[in-house]
Amino acid sequence: MLVRNLAKCLQQRVMEYLRKQVADWDDEVKCISRFKAFSGQRSDWEPLYVFWRDLILKVARHLHIFIIRPSQVKIWFNRGGLVPLCLDQVLLEMYTAGELMRNVGVTDPASGWVSQILQRVVNLGGLLRPSTQEKLVEDYYIIPALLKEKALQVVQALSESHWTASCVITWRKFQEVSGGLKEAHAVLNHLCEHGKAKYLVTNKKDLTEGVKVSLSARALSGTTSLDFDVLHLIWTVEKLERQLNVIDQRWERSRASALASLKLGNKQVALKCTREMKLASLSREKCTTLLNRVEEILAVIADAEASKEIAEAIRIGTQAIKENGINYDEVELCLQELNECIESQKQIDEILGSNAAGAEIEDEDIEDELKKLELSFVEVPTQTSTSHTRVDAVVAGAQESADALSDSLSNLHLTNHARKDLEAEHAMEPLGAVSNDVNREAALA
C-alpha cells in the first residue's frame, strides 16, 4: 500500500512537471499524434523521437536520478491508462546511440584490476550493445549525461566538507552522498575511469571499504599506506558515532521505564532502570573520550597534509621564480606593495564603518530633533502671522500695480490711435502743437 501511494505521488509530481514543460500536454489531438508508434522512414519519426528523448532526460533530471527502468518511464507518461506506443522504440534508439548504458556494463570497483580492464575493453568494443537488438532486456539503464552531472555533484558535496586536494571516505558515506548502492557503483566507476577516484579496502580486524576522491582538477597519483590508515580511522569514527546513538536510545528507554515504574509505585524496577541509565552514561563517556581521541589524530593528519601542500606550493613558486628569472627583491617589493594596499583597504573599511555608525546615531536622534522642531513651531505663530500680513500687503500692492499698468497700456493703445487720426487731420499744423499733443499723451500714460 505504501509503495502504491509513493508511486501515485511520483506520477502526480511528474504530471505537474510535464504540464509546465509542454504547454499543450492535455490537448487530445496533440496527444494522439505523440502517443502513436513510429512508422515510415527515420526522417518521418525523427522529430517525435527527439521530443520523447528530450522529455525523458528532463524528467530524469527533475527527479534527480540517472538510473531509470523502462517500466518506470512508462509510468511517467501514463495518461489515463494510455501509454506512448513509441516509448520502447525511443529507449532502444537512445541505447543504440549511446545515450543509455546497461547497468551490467558498470565495472564492479571491488573486483580485481584484471577484470576491470577486461570490462572496459568490452564496453569500448561495443560487445554489450548488439546492433540487432529489438527491445531492452535489462531492468535498469544508466543515462551517461546525467551520470556525469551526478559525479560532479558528488565531488562538489565532498569539497564543501573537505579543504584538501583529495579526501578519503568510507563506502557507506559514499553511498549516502551518491544516493544509493547502484548509484554509488555507477558514480565510482565514472570517477575511476577519469582518474578522479580510487577504491580502497583494508582487512584490519574488520573489512573496511572506502573511496579516495580527488577534489581538484588533477587526477589522483595513487594510494599510499597513509590513505588506508586514514580510512580505518574514519571508519572507527563512524562506528563510534553509531554506537553513541545506540547508547543514547538505550538511555532514553531506561529513563522512560524508570519514570513509568515510579508512577506505578514499583520501586525495584525503577532502581533497575536507573542502574541501566548509569551504565549507559558511563559507556557514553568512554565512547566519547575515544571518539575525541580519534578525531584529534585525524586533525593532526589533516594539518600535516595541509602543511605538505603548502610546502609543495612554495616549492613550485620558487621553481617558477627561478625559471622566469625574477629577482627576489622584486618579489619582496611586490609583497610590500600588496601589504600597503591591504592596509589602505582596512583604513577605508574603518572609515566607512565609522560613517555607518554615525549614520546610525543620527537615525536614533531623529525623534529628538522632531520634538525640537515641534517646540519651535509653537513659539513662532505670531511671527508667522506678521509675515503673512506683510506678504498680503505686498501681494495687494503688486495687484494694484498690475491693474494700473494694465490701464496705462490700454490708454496708451487708445491714444496711439487718436494720435494717428490727429496727425492725419492736422498734418499742416505747426510742429509745436503736435509736440504739445504728444507731451499730453505721455502725461496721460
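Residues numbered from 1 in each chain as written. Predicted model: local features only at pLDDT ≥ 70, side-chain atom pairs only at ≥ 80, totals over all residues. Heavy atoms only, no water.

An unreviewed UniProt entry lists the protein chain under the name Charged multivesicular body protein 7, from Anisodus tanguticus.

Chemist: How would you summarise the overall build of the protein chain if you had to cite specific residues and measurements?
Modeler: When helices and strands are tallied, the protein chain shows 15 helices and 6 strands. For the protein chain, restricting intrachain contacts to residue pairs at least 6 apart in sequence, the fraction spanning at least 24 positions comes to 67%. About 30300 Å² of surface is accessible on the protein chain, with carbon and sulfur atoms providing 57% of the total. (Helix = DSSP H or I, 4+ residues; strand = E, 2+ residues; numbered from the N terminus. Contact = heavy atoms within 4.5 Å. Areas by Shrake-Rupley, 256 points an atom, 1.4 Å probe, with all protein chains shown as cover.)

Chemist: Give a description of the packing of aromatic side chains that names residues and reports values.
Modeler: Applying the stated criterion across every chain yields a total of 12 aromatic pairs. Geometrically, the ring pair formed by W76 and F77 is edge-to-face, given 6.2 Å between the ring centres and 80° between the ring planes. Taken together, the ring pairs in this structure connect W25, F35, F51, W52, W76 and F77 into an aromatic cluster. Here R42 stacks its cationic end above the ring of Y49, 5.7 Å away from the centre of that ring. Lying over the aromatic face of Y140, K182 brings its terminal NZ or CZ to 4.7 Å of the ring centre. (Phe/Tyr/Trp six-rings, centres within 6.5 Å; stacked < 30°, edge-to-face > 60°. Lys NZ or Arg CZ within 6 Å of the ring centre and 35° of its normal.)

Chemist: How would you summarise the pairing of strand β5 (residues 197-204) if you had to cite specific residues and measurements?
Modeler: Residues in a regular strand project their side chains so that they alternate between the two faces of the sheet. Inspection of the sheet shows β5 paired to strand β6 (residues 206-214) by 8 bridges, in the antiparallel sense. In the strand pairing of β6, T202 is matched with T208. (Pairing = 2+ DSSP bridges.)

Chemist: An account of a nonpolar patch on the surface is needed here, citing residue identities and associated values.
Modeler: A cluster of nonpolar side chains, L335, L338 and I342, forms an exposed patch at the surface whose accessible area comes to about 250 Å². Secondary-structure assignment places I342 in helix α12 (residues 328-364). (Patch = residues over 30% accessible without salt bridge, like charges linked within 9 Å, V, L, I, M, F, W, Y side chains within 5 Å. Salt bridge = Lys/Arg side-chain N within 4 Å of Asp/Glu carboxyl O.)

Chemist: Please provide a residue-by-residue account of helix α9 (residues 181-193), values included.
Modeler: With 13 residues, α9 extends 18 Å from end C-alpha to end C-alpha; this agrees with the ideal 18 Å at 1.5 Å per step. Within α9, burial applies to A184, A186, V187, L188, N189, H190 and L191. Residue G195 follows α9 closely and has a positive phi angle near 70°. (Expected span 1.5 Å × (residues − 1). Buried < 20%, exposed > 50% of the residue type's maximum accessible area, 1.4 Å probe, protein only.)

Chemist: I'd like a rundown of the pattern of salt bridges, residues and numbers included.
Modeler: Proximity of charged atoms lets side chains of opposite charge pair with each other. Counted under the stated rule, the structure contains 12 salt bridges. In this structure, the salt-bridge partner of E28 is R79, at a minimum N-O distance of 3.5 Å. Of this pair, E28 sits in helix α2 (residues 28-34) while R79 is found in the loop between α4 (70-76) and α5 (87-96), placing the two residues 51 residues apart along the sequence. Residue E28 is classed as partly exposed on the basis of its relative accessible area of 49%. A relative accessible area of 18% places R79 in the buried class. Residues participating in the shared-partner salt-bridge network are R42, E46 and E93.

Chemist: Residues and numbers for the sheet that holds strand β2 (residues 101-102), please.
Modeler: By way of backbone hydrogen bonds, the strands of a sheet pair with one another, either parallel or antiparallel. Strand order in the open sheet formed by 3 strands is β1-β3-β2, and the pairing between neighbours is antiparallel. Looking at which strands have only one partner, the edges of the open sheet turn out to be β1 (67-68) and β2. Alignment of β1 against strand β3 (residues 141-142), held across 2 bridges, turns out to be antiparallel. Bridging across to β3, I68 finds its partner in Y141.

Chemist: Before we move on, can you summarise the sheet that holds β5 with the specific residues and values?
Modeler: What the 3 strands build is an open sheet, ordered β4-β6-β5; its pairing is antiparallel. Both edges of this open sheet fall to β4 (166-170) and β5, since each of them pairs with a single strand only. The mean inter-strand angle of the sheet, taken between neighbouring strand axes irrespective of direction, is 25°. Together, β5 and β6 form the strand contacts of α9, whose direction differs from that of β5 by roughly 115°. (Axes fitted to C-alpha atoms, helices over the stretch in contact; angles between N-to-C directions.)

Chemist: I'd like a description of a positive patch on the surface, backed by residues and values.
Modeler: Where like charges cluster on the molecular surface, the positive patch consists of R172, K205, K239 and R242. Following the sequence through the fold, R172 ends up in helix α8 (residues 171-178). (Lys, Arg positive; Asp, Glu negative; His and termini not counted. Charge placed at Lys NZ, Arg CZ, Asp CG, Glu CD.)

Chemist: Run through the pairing of β4, naming residues and quoting values.
Modeler: Burial within β4 is extensive, with 4 of its 5 residues counted as buried. Alignment of β4 against β6, held across 5 bridges, turns out to be antiparallel. When the bridges of β6 are listed, C167 appears paired with V213.

Chemist: So what's going on with the packing of helix α3 (residues 42-62) against α5? Residues and values would help.
Modeler: It is the contact of α3 with α5, at a shortest axis distance of 10 Å, that shows an interaxial angle of 85°. Taken together, the axes of α3 and α5 are roughly perpendicular relative to one another. Contact residues: α3 offers R42, W45, Y49, W52, R53, I56 and L57, while α5 offers L87, V90, L91, E93 and M94. The class makeup of the residues in the contact of α3 with α5 is 9 nonpolar, no polar and 3 charged. (Parallel < 35°, antiparallel > 145°, perpendicular 65-115°, else oblique. Nonpolar A, V, L, I, M, F, W, Y, C, P; charged D, E, K, R; others polar.)

Chemist: Explain the nonpolar core to me, using residue names and the numbers behind them.
Modeler: One finds W25, W52, I56, W76, F77, F174 and V213 to be the most contacted residues of the largest nonpolar core, which totals 57 residues. In this view, W25 contacts M15, L18, R19, R34, F35, W52, L55, F77 and R79; residues no more than four positions away in its chain are not counted. Formed by 16 residues, the second largest nonpolar core is a distinct cluster that contains L200, V230, V237 and V294. (Core = buried A, V, L, I, M, F, W, Y, C linked by side-chain atoms within 4.5 Å.)

Chemist: I'd like a description of helix α7 (residues 144-161), backed by residues and values.
Modeler: For α7, with 18 residues, the first-to-last C-alpha span of 26 Å sits near the 26 Å given by 1.5 Å per residue. Those residues of α7 lying buried are L146, L147, K150, A151, V154, V155 and L158.

Chemist: Help me get a handle on the environment of G222, residues and values and all.
Modeler: Within the secondary structure, G222 sits in the loop between β6 and α10 (225-264). As a C-alpha pair, G222 and K212 span 10 residues in sequence and 9.3 Å in three-dimensional space. Setting aside anything within four residues of it in sequence, one finds G222 in contact with K212 and D227.

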